[in-house]
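# A look at the structure
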Amino acid sequence: MERLVNYLQNIDRRILYVILAVIIAVPLIKPFHFALFINDDTKAVFQSIEAVPADKVILLAAEWEAGTKGELAPQTAAIVDHMFKSGKKFAIISTNPTGPRLAEGIVEAAALRYGKKYGQDWVNWGYKGAGNMVLMMQTLVNNIPKAIESDIHGTPVDKIPVMAGLKDMRQMGMVVLITGFVSVPENWVQYVHGPAGVPMALGCTAVSAPQYYPYVDSKQFTGMIVGMRGASEYENLAGIPLENAKATQMMSAQSLAHVYVIILIILGNAILLYNLRKKRRLGNA
């Protein structure tokens, strides 16, 4: 016992880091998942998308950038998979310059898996609102063709089949807003949801979620996906295969890392208690 305690007390910390790296890598190389409790707010987002009629278009507002990609890219991917899988048509938009390009890469990969076509099943409106975001949103509510004009590739809206007959936001099935920016949800609620009355759901980073619960409670958001865990919950609801469920893979890696840290804490405290008892015995001898 003494030899084991001495070894653990003097173990090279680099060994601990290597073990941690291996533990994190395992579920990413050979995916598996733990049982997961699914939050009601995540279920509400899933159910609201399911309820959108097949002839309605969903607006996916990809209001995020590289800094929040770790949490929001998996949310975007899970929702896109669900929409393709359930036959929903959608359009991408963002008031952030990088959002449409980041989202487009995710959508293109999913479109290949599901055999979906650009212009017929989905469209990317691109970055809109440069210089006056509020004016763009107000125009979007009443006149989509005027607000959008053309897609991210420069194609006029009247040449895009998925937008046929789409005049204003009241005709949209719903808005799914995914963002890491603090003020963006408030703008979409104030200038789009309120005037148009179109249902709206939110996906956000874990750190920003607490301030949006009043919007969920008041039903201004039908539901909310929170951080990486929320993305994993949504993947489970949508039945996304484990090899494509990136958030679930990362949550498994995170859970294993937490277990490892807890074991180290227990070992550290056990060694401390052993040394205290040893000291007392030597003191009483």
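Our structure's up above, just so we're on the same page.
Before going into details, it helps to say that this report is about the structure given with it. Here the structure is a predicted model, which is why all the values come from computation and not from measurement. Chains are numbered independently. Their residues run from 1 in the order of the written sequence. The model is predicted, so local features are restricted to residues of pLDDT at least 70 and side-chain atom pairs to those at 80 or more, both for listing and for counting; the totals for chains, interfaces and linings are taken over all residues. Side-chain calculation: all heavy atoms of the structure are included, whereas hydrogens and water are not.

Okay, the environment of Leu102 next. Summarising the element assignment, Leu102 is placed in helix H5 (residues 99-114). Accessibility here uses a 1.4 Å probe with only protein chains present; expressed as a share of the type maximum, an area under 20% marks a residue as buried, one over 50% as exposed, and anything in between as partly exposed. The exposure class of Leu102 is partly exposed, given its relative accessible area of 24%. C-alpha of Leu102 to C-alpha of Thr205: the two residues are 103 residues apart in sequence and 16 Å apart in space. Whether two residues are in contact is decided by their heavy atoms, any of which lying within 4.5 Å being enough. Setting aside anything within four residues of it in sequence, one finds Leu102 in contact with Trp64, Glu65 and Ala66. To qualify as a helix, a DSSP run of H or I must reach at least 4 residues; to qualify as a strand, a run of E must reach at least 2; elements of each kind are numbered from the N terminus.

Aromatic rings in a pair are described by how distant their centres are and how their planes are angled relative to each other. Each Phe, Tyr or Trp ring (for Trp, its six-membered ring) is paired with any other whose centre lies within 6.5 Å, and the angle between the two planes then decides the class: stacked below 30 degrees, edge-to-face above 60, tilted in between. In the structure shown here, the tally under the stated rule is seven aromatic pairs. On the numbers, 5.8 Å between centres and 65° between planes, the contact of Phe46 with Tyr234 is edge-to-face. Of this pair, Phe46 sits in helix H3 (residues 40-50) while Tyr234 is found in helix H10 (residues 227-238), placing the two residues 188 residues apart along the sequence. Judged by relative accessible area, which is 0%, Tyr234 ranks as buried. Ring geometry for Phe84 against Phe90: centres 5.2 Å apart, planes inclined by 55°, an arrangement best described as tilted.

This part is about the pattern of salt bridges. Think of a salt bridge as a Lys or Arg side-chain nitrogen and an Asp or Glu carboxyl oxygen that are within 4 Å of each other. In this structure the tally under the stated criterion is five salt bridges. When the shortest N-O distance is used, the salt bridge between Asp12 and Arg14 registers 2.7 Å. Given the relative accessible area of 30%, Asp12 is considered partly exposed. What makes Arg14 exposed here is its relative accessible area of 60%.

This part covers the pairing of strand S5 (residues 200-204). Of all five residues that make up S5, five are buried, and the element is covered over most of its length. The alternating pattern of S5 places Met200, Leu202 and Cys204 on one face and Ala201 and Gly203 on the opposite face, and all of these are buried. Here strand S4 (residues 174-179) runs beside S5; their pairing, made up of five bridges, is parallel. When the bridges of S5 are listed, Leu177 appears paired with Leu202. Each pair of strands is called paired provided DSSP finds at least two bridges between the two strands.

Bringing a nonpolar patch on the surface into the picture now. Patches in this entry comprise residues that are over 30% relatively accessible and not in a salt bridge; like charges within 9 Å are linked, as are nonpolar side chains (Val, Leu, Ile, Met, Phe, Trp, Tyr) within 5 Å. Using the Shrake-Rupley algorithm and a 1.4 Å probe, accessible areas are obtained, with residue cover drawn only from the displayed protein chains. Together, Met1, Leu4, Tyr7, Ile15 and Ile19 make up an exposed nonpolar region whose accessible area comes to about 510 Å². Mapping Ile15 onto the fold places it in helix H2 (residues 13-29).

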